[in-house]
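# Overview (structure and organization)
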Amino acid sequence: MKETVVSGIRPTGKLHLGNYFGAVSNFVKMQHEYNCYFFIADLHSLTTHPTPQDLNGYVKHVLVEYLACGIDPEACTIYIQSDVPEVAELYLYLNMNAYLGELERSTSFKDKIRSHPDNVNAGLLTYPSLMAADILLHHATKVPVGKDQEQHLEMTRTFGNRFNRLYNKEYFPEAYAFSYSDKLVKVPGLDGKGKMGKSEGDGNCIYLADSPEIIRKKVSRAVTDGGPTAENQTKPEAIQNLFDLMSIVSSPDTLAHYNDLYNKMAIRYGDFKKQLAEDMIIANNPIRERIEDIANDTDYLRKVAHTGAEKARESAQKTIKEVRELIGFKPF
Ligand code: AMP
């Protein structure tokens, strides 16, 4: 039997290169090897209180972009999380055995407290239980995600094992983060610090839907410095980030060429950025063109979402029936 894979992305905006190289590029490969469920995490996105119009628009964006990236609804199950109410039921059960201390220790929760001190809601605190529900609902063992999600996966294993111990049955398997590259990917942003992310601002992200002109403009504005001051020096974070981006979108020869120029203190950041932008455009262009085509085909999008919801619910209902019995919810 094929192993099961689950992963999702929050519809809080358009997909960027971090989402693509951290997650979706793996989805596309995995769909032919595993039993895959890829969803649009609209319940997760409610922690940020989107307006109904924004939420609806972003759900459509992510669906269109999943398809444009090459996720094939014939090869896997694509669904919208809120179409599967069983997720919310399992989330409730898992929350009964998720402890305040461990939820508060999550790095992403601590980051959110720092960045949004005015909106520290219970949904944010219990984000790991909802993520665990997404994964355990289908008995997944592999979860293609970027480096930022590693700790949440560890919590999923903790919650699944705790449930198994409580009800004395090896029911939920352990799920591990997965990437085809040798380690989990972290795609840096253009602002000189940290990862590419929607909450870091538009200038920090290259979106899959960005036109070549926009990509050139954003990359030309990426943070750099006055240049290396010694041969073979360690690169400061902002420069290392641009090299990391180049290692993702450019050929190894191109990367080696600019590394060499940097080490010899002969690099011209203008040329380096131009090359980086052109290689990003090459990576992005086919996806961007498909986004435009698919976005107009509303009938197709409805059909994909409907079929996906039916397939996901079949698996989810089986789990919920068994979980209810294990918990003791059964007729006298
Ligand atoms: P989110 O946008 O937080 O819902 O993330 C959706 C998926 O994209 C998760 O698997 C993340 O790990 C991945 N992801 C988001 N940003 C990055 C990034 N900068 N580098 C690598 N993976 C990322």
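Residues numbered from 1 in each chain as written. Predicted model: local features only at pLDDT ≥ 70, side-chain atom pairs only at ≥ 80, totals over all residues. Heavy atoms only, no water.

## As for the overall build of the protein chain
Each helix and strand in the protein chain was counted, giving 14 helices and five strands. Taking 20 Å as the expected radius of gyration for a compact globule of 332 residues, we find that the protein chain reaches 21 Å, a close match to that expectation. Each principal axis of the C-alpha distribution contributes one length, and for the protein chain these read about 80 × 45 × 40 Å. Out of the 332 residues in the protein chain, the part that is buried amounts to 50%. Considering only residue pairs separated by 6 or more positions, the protein chain has 79% of its internal contacts joining residues 24 or more positions apart. (Helix = DSSP H or I, 4+ residues; strand = E, 2+ residues; numbered from the N terminus. Rg over C-alpha atoms; globule rule 2.2 N^0.38 Å. Buried < 20%, exposed > 50% of the residue type's maximum accessible area, 1.4 Å probe, protein only. Contact = heavy atoms within 4.5 Å.)

## Regarding the site of the ligand
In the vicinity of the ligand, 17 residues are found, and the nearest of them are Arg10, Gly146, Asp148, Val187 and Met196. A distance of 2.8 Å is found between an oxygen atom of the ligand and a side-chain nitrogen or oxygen belonging to Arg10. In this structure, Val187 approaches the ligand through a main-chain N or O atom, which is 2.8 Å from a nitrogen atom. With four residues, the single largest contributor to the shell around the ligand is helix H1 (residues 17-30). Of the residues contributing to the shell around the ligand, the split by class is six nonpolar, six polar and five charged. (Near = heavy atom within 4 Å. Polar contact = N/O pair within 3.5 Å; in protein donor to acceptor, adjacent residues only side chain to side chain. Nonpolar A, V, L, I, M, F, W, Y, C, P; charged D, E, K, R; others polar.)

## Notes on helix H9 (residues 150-166)
Compared with the 24 Å implied by 1.5 Å per residue over 17 residues, the 25 Å span of H9 between its first and last C-alpha is a close match. Of the residues making up H9, those classed as buried are His152, Leu153, Met155, Thr156, Arg157, Phe159, Gly160, Arg162, Phe163 and Asn164. A positive backbone phi angle near 60 degrees is found at Asn168, which sits one or two residues after H9. (Expected span 1.5 Å × (residues − 1).)

## A closer look at the pairing of strand E3 (residues 77-80)
Burial along E3 is two-sided: Thr77 and Tyr79 facing one way and Ile78 and Ile80 facing the other are all buried. Summarising the sheet, strand E2 (residues 35-40) and E3 pair through four bridges and their orientation is parallel. Its bridge partner being in E3, Tyr37 is matched across the sheet by Thr77. (Pairing = 2+ DSSP bridges.)

## Structural notes on the environment of Met30
Locating Met30 in the fold gives a position in helix H1. For Met30 and Lys217, which are 187 residues apart along the polypeptide, the C-alpha to C-alpha distance reads 34 Å. Filtering out sequence-adjacent residues up to four positions away, Met30 remains in contact with Val5, Cys36, Lys142, Pro144, Phe178 and Tyr180.

## Structural notes on unusual backbone geometry
Positive phi values are uncommon outside glycine, yet His49 reaches one of about 55 degrees. Along the polypeptide, His49 turns up in the loop between helix H2 (42-45) and helix H3 (52-69). His49 gets classed as exposed once you look at its relative accessible area, which sits at 55%. Here the phi dihedral of Met265 falls at roughly 60 degrees; this positive angle occurs in a residue that is not glycine. Tracing the chain through its elements places Met265 in the loop between helix H12 (252-263) and helix H13 (269-295).

## Observations concerning the pattern of salt bridges
Counting across every chain of the model gives 15 salt bridges. Arg324 is the salt-bridge partner of Glu89, the closest N and O atoms lying 2.8 Å from each other. One end of the pair, Glu89, is in helix H4 (residues 86-95); the other, Arg324, is in helix H14 (residues 298-327), and 235 residues separate them in sequence. Given the relative accessible area of 35%, Arg324 is considered partly exposed. (Salt bridge = Lys/Arg side-chain N within 4 Å of Asp/Glu carboxyl O.)

## Focus: the pairing of strand E1 (residues 4-9)
Across the six residues that make up E1, a large majority, five, are buried. By the bridge criterion, six bridges tie E1 to E2 in an arrangement that is parallel. Across the sheet, residue Thr4 finds its bridge partner in E2, namely Asn35. With H1 bridging E1 and the parallel E2, this β-α-β connection has right-handed handedness. (Right-handed = clockwise from strand over helix to strand, strands pointing away.)

## Focus on the side chain of Ser7
The topology assignment puts Ser7 in strand E1. For Ser7, a relative accessible area of 4% puts it in the buried group. Excluding residues that lie within four positions of it along the chain, Ser7 makes contacts with Phe27, Tyr37, Phe38, Phe39, Val143, Pro144 and Val145.

## Let's talk about the domain arrangement of the protein chain
Assigned domains of the protein chain: these are domain 1 (4-178 + 298-327) and domain 2 (198-292). Just the C-alpha atoms count here: the centres of domain 1 and domain 2 sit 31 Å apart. In this assembly, 15 residues from domain 1 lie in contact with 13 residues from domain 2. A buried area of about 1,300 Å², summed over both sides, lies between domain 1 and domain 2, and 71% of it is on carbon and sulfur atoms. It is His16, Leu17 and Ala68 in domain 1 that bury the most area against domain 2; as a group they hold 42% of the surface buried on that side. (Domains from an automatic or database assignment. Buried area = accessible area lost by both parts, 1.4 Å probe.)

## A short note on H13
Its 27 residues give H13 an end-to-end C-alpha distance of 37 Å, which sits within 8% of 39 Å, the value for a rise of 1.5 Å per residue. Of all the bends found along H13, the most pronounced is centred on Asn284 and spans about 45 degrees, while Pro286, a proline, follows it within four residues. (Bend = angle between axes of the 7 residues up to and from the residue.)

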